[in-house]
Amino acid sequence: MTKTKSKLIAGTRNLNPGDKNLLLAFFSIAVLALALGIVFATMTAAGRTGLFGIESATAYRMLGLHGVTIFFYWLYFVQAGFVLLLAAVYTEGAGEVALRPLAWLGFVTMLAGMVSSESSYFGGTILLYDGNPSLLIDDPSEGRFFYLGYVLLSAGLAMVATCAIATAVRPKFRGVIESWTPISFAAVAWSGLLLVAAVAGANAFLPPLFWTLGLRESVAGYAMSWSVLFHNMHYLPLMATVVLWYVLMENVTGMQSVFGPKFSKIVFAIYMIFVPPTSLYHMFLEPDLAEAVRVVGSLLSLFIAVPTILVFVVIVASLESYARAQGGRGLFGWIKLLPWRNPVMAAVGMAAVNMALGGVFSMVLIQERLAVLLSDTFYVPGYFHFLTVGGISLTFIAALIYVIPSLTGHRCWRPAVLARLPYILTIGLGLFGAGGIAAGYHGVPRRIFELAYHVDDPVEHIDAPFVWGTMMGVIGAGSLLMAAVLAIYVYALLRMLFSQNREIGVDVASLYVVSWSGSAATRERAWVGPLSILAMVAAMYGFTALSFEILQRVPILVGAAGH
Amino acid sequence: MAEAAKPESRHFTLRPGFAVFVGLFVLTLYFLWAAYGAAPTSLSFLAEESAGPAPVTPMAGMDVQSASVENMAQDGGGAMTPDEFEEITLKFVEDLSLPDGSVQPTREWTEAMEAARGDGAQEEMDAAGPADAEEPIDVYLMAMRFSYEPRVLRLDRNVPYRFRMMSMDVNHGASIRAGFAGHIMRRPAMVLTEMVMTFSERGEFMIYCTVYCGAGHDQMKGKIIVE
């Protein structure tokens, strides 16, 4: 067992108590949101698969709460904590969070937002997480706490992002440093995108909030505002994930990017350039979107995978290069040298696999012609859970396992158990994703609880295909397996946060790591990264071609008036 | 930060230029799109005639702003208001209902309605729609919480139908399960859209809502019988 020389652990432990309390506040609420989100997800899955009867209105409320809690509050509280932490630890000369009172105000504002959003469901709102205001025509007031929550979240995020930027910028202004490390740079870029998301959030949610308060007559263009916001919301946690991969791999192996810090900064900057203009593909089913816009939207969307692929190649090539310097041989043999018994390594490894799977299927959906086949079907949750659960959430959990004990002084709970969970989670995801994607190809809608569509009238009666129910069973089994694994993770994180017994578990600084610092075999090849991308792109070709072939066999000719 | 090795001493797989090349490799997906006729090029050798998006056309004169509460506040202001659409749809159902309750659209009814309207709107729509030899037969489909009207349509195979659709309250979907896949369509509230569809196989196809519209969303379905 090698003692770690982790900069992340050392830097976190060296933070002052005020900063530690601030970060623990963000991470505690993030874990609470994750726990709630899992409960709501379990209820949703059970209702959808018929495991137990659940009234339709309640089922949709559970689905709405699941989306709101996970997509907004888990992912944004945890990001807020990490962006502040990385800015403070990785900016030379920073040492602490700048403008801490503002960061606390941001925390309180975000928490108020969470309470407001969640309470709106107990007040009877019928909105799902996308907050489509057209659903509120009968009683707009049902949505006021829902939108208020999102507006408060946006405001709180803006404050936190400002603090993170100030933390990184202050040492430069003071002349303590000349340039940022790649991680400081990434934290600033990430904060910049958080600010963009906050502005987009205010733009999207203030009009419906005013409408529900009776302060304006109508809400125009919500679909477009939501799409712009939602797109940023996709890629913020994605960028956060690859930044954390970079940080965590440095910390558990000692490797540095063999491409140099400047290249890493360029790659992180690409997110800023590529993310905002590629939001059109969320609107491909909208009937008023011009054909030219659809085509341009598809073409732009091709670029969205580029920065994530680049970071993946940088990390994998660097790991391979360092492992070869340690004697790693064979095309894949070096992978065995990685510290897989470390729960962080296992989680990041499987997160990369899941992210690749999600990437393959997401690239099918960016083609506007295929929206008519797959959008609004279960294909969408089928693919995005690979990203949000298997890639993004798993990475955040891995980082929390590393960081929370460093903040609390507690130990890491059962690392041997935690190191096995990512594989079980991936099995659950595989079932959920395979079932969901197959269901999508069969036209199963994504937000339906009663799939039988039964009516007694013999003329009106038409059965939903039997296979729909079968696929729901597979999806349900996968959901419950995922929920069980995530519940164990939550339990472990709660132990690390609040346990009274500090002697149970393993000192996080003593988790199994390798120490490869300073020795990269740059004269040797590093093919695994490029070959992985080749395999991924080949899979994209395969599933895109499959989708076109299925589309061509749907017995409806559209616009073929002369036949 | 460890010193990065000088480029000349590195294996080419560790050079930034190669990493960028790998990163951009995903863009080659464009060529597959082009092969299926889904990208601006003439290389569509894998495309069949039926491939392609649903060219949904908002009715002439309508200011379409999808998924907007503003739409619900408007009273039309274009080629057809929601009230007019409801009126003509109910007439469509009343005139063309069969004894079993299903509705069978006919060319005679379409021509009679065009003649009766005589307000120029049809010419505008024709100009916007496909200009093939055989004029499509009109089908009116109204979506509302939580049903369609008419509930059952009886259509002929290989005959083009111009579906005129409107969601009367909130946003809905009017997707059709045909073959073993779905043909997914969104229908924003209070926006009249039209689309010409030809069914090439006989069978019973389910129409179902794929846009969450409230607690009764999963009860919302209809049926198309193609004979």
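Within each chain, residues carry numbers counting from 1 in the order of the written sequence. Each chain is given a letter, starting from A, and each ligand a number, starting from 1, according to the order in which they appear as written. Reporting in this predicted model follows two pLDDT cut-offs: at least 70 for local features of residues, and 80 or more for side-chain atom pairs to be given and counted; totals over whole chains, interfaces and linings ignore these cut-offs and use all residues. Based on all heavy atoms of the structure, the side-chain values leave hydrogens and waters out of the count.

### Notes on the packing of helix H11 (residues 343-365) of chain A against helix H17 (residues 528-553) of chain A
All names here are of chain A. Contact geometry of H11 with H17 gives a least axis separation of 8 Å together with a crossing angle of 40°. Relative to H17, the crossing made by H11 is right-handed. Contacts between H11 and H17 involve Ala356, Gly359, Val360, Phe361, Met363 and Val364 on the former and, on the latter, Met536, Ala539, Met540, Phe543, Thr544 and Ser547. Partitioning the contact of H11 with H17 into residue classes produces 9 nonpolar, 3 polar and no charged. In this analysis an axis means a line fitted to C-alpha atoms, helices contributing only their contacting stretch, and an angle means the value between N-to-C directions, from 0 to 180 degrees. Helix and strand assignments come from DSSP, with helices taken as H or I runs of at least 4 residues and strands as E runs of at least 2, each series counted from the N terminus. Throughout, a crossing is termed right-handed when the near helix is turned clockwise from the far one, and left-handed when it is turned anticlockwise from it by less than a right angle. Two residues form a contact once any of their heavy atoms are found within 4.5 Å. When residue character is reported, Ala, Val, Leu, Ile, Met, Phe, Trp, Tyr, Cys and Pro are called nonpolar, Asp, Glu, Lys and Arg charged, and the others, Gly included, polar.

### Observations regarding the side chain of Glu149(B)
Residues and elements named next belong to chain B. Mapped onto the elements, glutamate 149 comes out in strand E3 (residues 147-149). The exposure class assigned to glutamate 149 is buried, which follows from its relative accessible area of 18%. If we ignore the near neighbours within four places in the chain, the residues touching glutamate 149 are Thr89, Leu90, Val93, Tyr140, Leu141, Met142 and Met144. When accessible area is computed with a 1.4 Å probe and restricted to protein chains, residues below 20% of their type maximum are described as buried, those above 50% as exposed, and intermediate ones as partly exposed.

### Topic: the sheet that holds strand E11 (residues 203-208) of chain B
Residue and element names in this part refer to chain B. We treat two strands as partners when DSSP finds at least two bridges between them. In space, the 5 strands of this open sheet follow the order E4-E12-E11-E7-E8, with mixed pairing throughout. Both edges of this open sheet fall to strand E4 (152-155) and strand E8 (181-183), since each of them pairs with a single strand only. Sheet twist, expressed as the mean angle between neighbouring strand axes with direction ignored, is 25°. Bridge count between strand E7 (residues 175-178) and E8: 3 bridges; the pairing is antiparallel.

### Structural notes on the pattern of salt bridges
By definition here, a salt bridge exists when the distance from a side-chain nitrogen of Lys or Arg to a carboxyl oxygen of Asp or Glu is within 4 Å. Scanning the entire structure with this criterion turns up 21 salt bridges over all chains. Between Arg186(B) and Asp376(A) there is a salt bridge, with its nearest N and O atoms 2.8 Å apart. In this pair, Arg186(B) is assigned in strand E9 (residues 186-187) and Asp376(A) in the loop between helix H12 (371-374) and helix H13 (379-408), connecting two distinct chains. Residue classification places Arg186(B) among the buried positions, given a relative accessible area of 17%. For Asp376(A), a relative accessible area of 8% corresponds to the buried category. Notably, a salt bridge pairs Arg154(B) with Asp100(B), separated by 2.6 Å at the nearest N-O pair. With Arg154(B) in strand E4 and Asp100(B) in the loop between helix H4 (82-96) and helix H5 (107-117), the pair connects residues that are 54 residues apart, well separated along the chain. Arg154(B) gets classed as buried once you look at its relative accessible area, which sits at 13%. Here the salt bridges do not stand alone but share partners, grouping Glu135(B), Asp138(B), Arg162(B), Arg164(B) and Glu194(B) into one network.

### Observations regarding the interface of chain A and chain B
Every contact between the two is made by 104 residues of chain A and, on the other side, 104 residues of chain B. Two parts lose some accessible area (1.4 Å probe) when they are put together, and adding that loss for both gives the buried area. Across the chain A/chain B interface, buried area totals approximately 9,300 Å², and carbon plus sulfur atoms make up 66% of it. For the pair chain A and chain B, the number of links is 3 salt bridges. Residues Glu460(A) and Arg151(B) are paired through a salt bridge, measuring 3.8 Å at the closest nitrogen-oxygen approach. Two N or O atoms form a polar contact when they lie within 3.5 Å of each other; inside protein one atom must be a possible hydrogen donor and the other a possible acceptor, and for residues adjacent in sequence the pair counts only when both atoms belong to side chains. There are 23 residue pairs in polar contact (both at pLDDT 80 or more) connecting chain A and chain B. Per-class residue counts for the side of chain A that touches chain B are 67 nonpolar, 22 polar and 15 charged. As defined by bridge partners, strand E1 (residues 556-558) of chain A adjoins strand E10 (residues 193-199) of chain B across 3 bridges and the pair is classed as antiparallel. The partner of Val558(A) across the bridge, within E10(B), is Met197(B).

### Some remarks on the environment of Val444(A)
All names here are of chain A. Relative to the helices and strands, valine 444 is located in the loop between helix H15 (421-441) and helix H16 (466-498). With relative accessibility at 0%, the residue valine 444 sits in the buried group. Sequence-distant contacts of valine 444, defined by excluding residues within four places in its chain, comprise Arg48, Thr377, Phe378, Ala439, Leu451, Trp468, Met471 and Met472.

### Section: the packing of aromatic side chains
To pair, rings of Phe, Tyr and Trp, with the six-membered ring standing in for Trp, must have centres within 6.5 Å; the planes then decide the type, stacked if under 30 degrees apart, edge-to-face if over 60, and tilted in the middle. This model, assessed by the stated rule, comprises 46 aromatic pairs over all chains. Between Phe92(B) and Trp109(B), the aromatic rings sit 5.3 Å apart at their centres with planes inclined by 65°, giving edge-to-face as the arrangement. Here Trp109(B) lies in helix H5 and Phe92(B) lies in helix H4, a separation of 17 residues in the sequence. On the basis of relative accessibility, which here comes to 0%, the residue Phe92(B) falls in the buried class. Residue Trp109(B) is classed as buried on the basis of its relative accessible area, which comes to 9%. In this structure, Lys172(A) packs its charged tip against the face of Trp180(A), placed 4.3 Å from the ring centre. Counted as over-ring charges are cases with an Arg CZ or a Lys NZ within 6 Å of the ring centre that also lie within 35 degrees of the ring normal.

### A word on a nonpolar patch on the surface
Residues Leu331(A), Phe332(A), Leu531(A) and Leu534(A) make up a contiguous nonpolar surface patch of roughly 340 Å² in combined accessible area. Within the element layout of this structure, Leu531(A) appears in helix H17. Patch membership needs two things, relative accessible area over 30% and no salt bridge, and members are linked within 9 Å if like-charged or within 5 Å if nonpolar (Val, Leu, Ile, Met, Phe, Trp, Tyr). Accessible surface area values rest on a Shrake-Rupley calculation with a 1.4 Å probe, where residue burial reflects the displayed protein chains alone.

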